[in-house]
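Structural overview for review
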Amino acid sequence: MSAIQPPKPAERKIELEPHQVLLKPLVTEKGVHRATRNNQYAFQIHRDATKLDVKKAVEHLFDVKVLKVRTQTRKGKTRRFRYKIGRTSDWKKAIVSLHEDHRIDFF
């Protein structure tokens, strides 16, 4: 009997640079609370970025040690403009947990 093999990672068409992965930090009340208490930071990231891409980008750009990355795909909202109904685009969010000795200062 042969052992069950894990699936092969998907091949990507483009390779993202660290400055292309992180689009902007999400500075909100909840995010500031997370940063001060749990040492976690939220970023809006590229839709094609993986957790490994985010980890490498944060470690490269901010010179910190990343413990864990959690990602979410956020659905766009329906918006009305004059007489037409439109929709905002979907986006991706990452919550990055850092080692207790490291911090990121946005201000």
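Below, the structure is looked at part by part. This is a predicted model, so every value here is computed, not measured.

Rules used in this analysis
- In this convention, every chain numbers its residues from 1, walking through the sequence in written order.
- Per-residue local features are limited, in this predicted model, to residues with pLDDT of at least 70; the limit for side-chain atom pairs, both in listing and counting, is 80 or more; totals at the level of whole chains, interfaces and linings are taken over all residues.
- With hydrogens and water excluded, all non-hydrogen atoms of the structure serve as input to the side-chain values.
- At least two DSSP bridges between two strands are needed for those strands to be called paired.
- A run of H or I in DSSP counts as a helix once it spans at least four residues, and a run of E counts as a strand once it spans at least two, with each numbered from the N terminus.
- All axes here are fitted lines through C-alpha atoms, helices being fitted over the stretch that makes contact, and every angle between N-to-C directions spans 0 to 180 degrees.
- Of the grid points, spaced at 1 Å and generated over the protein atoms alone, those admitting a 1.4 Å probe that cannot get out make up cavities, while open sets with protein on both sides within 12 Å along at least five of seven lines make up pockets; any residue with an atom within 4 Å of a point is treated as lining.
- Grid points are joined across faces, edges and corners, and a volume is the space filled by probe spheres set on the points.
- Gly is put with the polar residues, along with every residue not named as nonpolar or charged; the nonpolar set is Ala, Val, Leu, Ile, Met, Phe, Trp, Tyr, Cys and Pro, and the charged set is Asp, Glu, Lys and Arg.
- The patch calculation keeps residues exceeding 30% relative accessible area without a salt bridge and links them within 9 Å when they carry like charges or within 5 Å when they are nonpolar (Val, Leu, Ile, Met, Phe, Trp, Tyr).
- Computed with a 1.4 Å probe, the accessible areas rest on the Shrake-Rupley method; for each residue, only the protein chains presented here act as cover.
- We define a salt bridge as a side-chain nitrogen of Lys or Arg found within 4 Å of a carboxyl oxygen belonging to Asp or Glu.
- Charge convention: Lys and Arg are scored as positive, Asp and Glu as negative, and His as well as the terminal groups of each chain are ignored.
- Charge positions come from single atoms, namely NZ of Lys, CZ of Arg, CG of Asp or CD of Glu.
- Buried residues of nine kinds, namely Ala, Val, Leu, Ile, Met, Phe, Trp, Tyr and Cys, make up a nonpolar core once their side-chain atoms join them within 4.5 Å.
- When accessible area is computed with a 1.4 Å probe and restricted to protein chains, residues below 20% of their type maximum are described as buried, those above 50% as exposed, and intermediate ones as partly exposed.
- We call two residues in contact when some of their heavy atoms are within 4.5 Å.

This brings us to the sheet that holds strand S1 (residues 22-25). Reading across from one edge, S1-S2-S6-S3 is the order of the 4 strands in this open sheet, with antiparallel pairing throughout. Each of the sheet's edge strands pairs with one partner strand only, and the pair in question is S1 and strand S3 (66-74). Strand-to-strand twist in this sheet, taken as the mean axis angle between neighbours without regard to direction, amounts to 30°. Relative to strand S2 (residues 40-45), S1 runs antiparallel, the two sharing 3 bridges. Each bridged residue has a counterpart across the sheet, and for Pro 25 the counterpart in S2 is Phe 43.

A few words on the layout of surface pockets. Empty space among the atoms becomes visible once a probe the size of a water molecule is rolled across them. Its volume calculated, the largest pocket comes out at about 210 Å³. In terms of lining residues, the largest pocket is bounded by 14 residues, among which Gly 31, Val 32, Ala 35, Tyr 41 and Phe 106 are the most central. Secondary-structure elements contributing two or more residues to the lining of the largest pocket are helix H2 (29-38) and S2. In terms of residue count, H2 provides more of the lining of the largest pocket than any other element does, 4 residues in total. Taken together, the residues of the lining of the largest pocket sort by class into 9 nonpolar, 3 polar and 2 charged. Volume-wise, the second largest pocket comes out at about 160 Å³.

In this section: a positive patch on the surface. Together, Lys 30, Arg 74, Lys 77 and Arg 79 make up a region of like positive charge exposed at the surface. The residue Arg 79 is located in strand S4 (residues 78-81) in this model.

We now examine the nonpolar core. Grouped burial of nonpolar side chains is what soluble globular proteins tend to show. Counting 18 residues, the largest nonpolar core has Leu 22, Phe 43, Val 54, Val 58, Val 96 and Leu 98 as the members making the most contacts within it. Sequence-distant contacts of Leu 98, that is, excluding residues within four places in its chain, are made with Asn 39, Tyr 41, Val 58, Val 64, Lys 65, Val 66, Leu 67, Arg 103 and Ile 104.

A full pass over the atoms with the stated rule returns 1 salt bridge. The residue Arg 87 makes a salt bridge to Asp 90 at a minimum N-O spacing of 3.5 Å. Owing to a relative accessible area of 21%, Asp 90 belongs among the partly exposed residues under this scheme.

For the rest of this paragraph, the subject is the side chain of Arg 34. In this structure, Arg 34 sits in helix H2. Buried charge without a partner: Arg 34 forms no salt bridge, and the closest opposite charge is Glu 29, 13 Å away. Not counting residues up to four positions away in its chain, the partners in contact with Arg 34 are Asn 39, Gln 40 and Ile 95.

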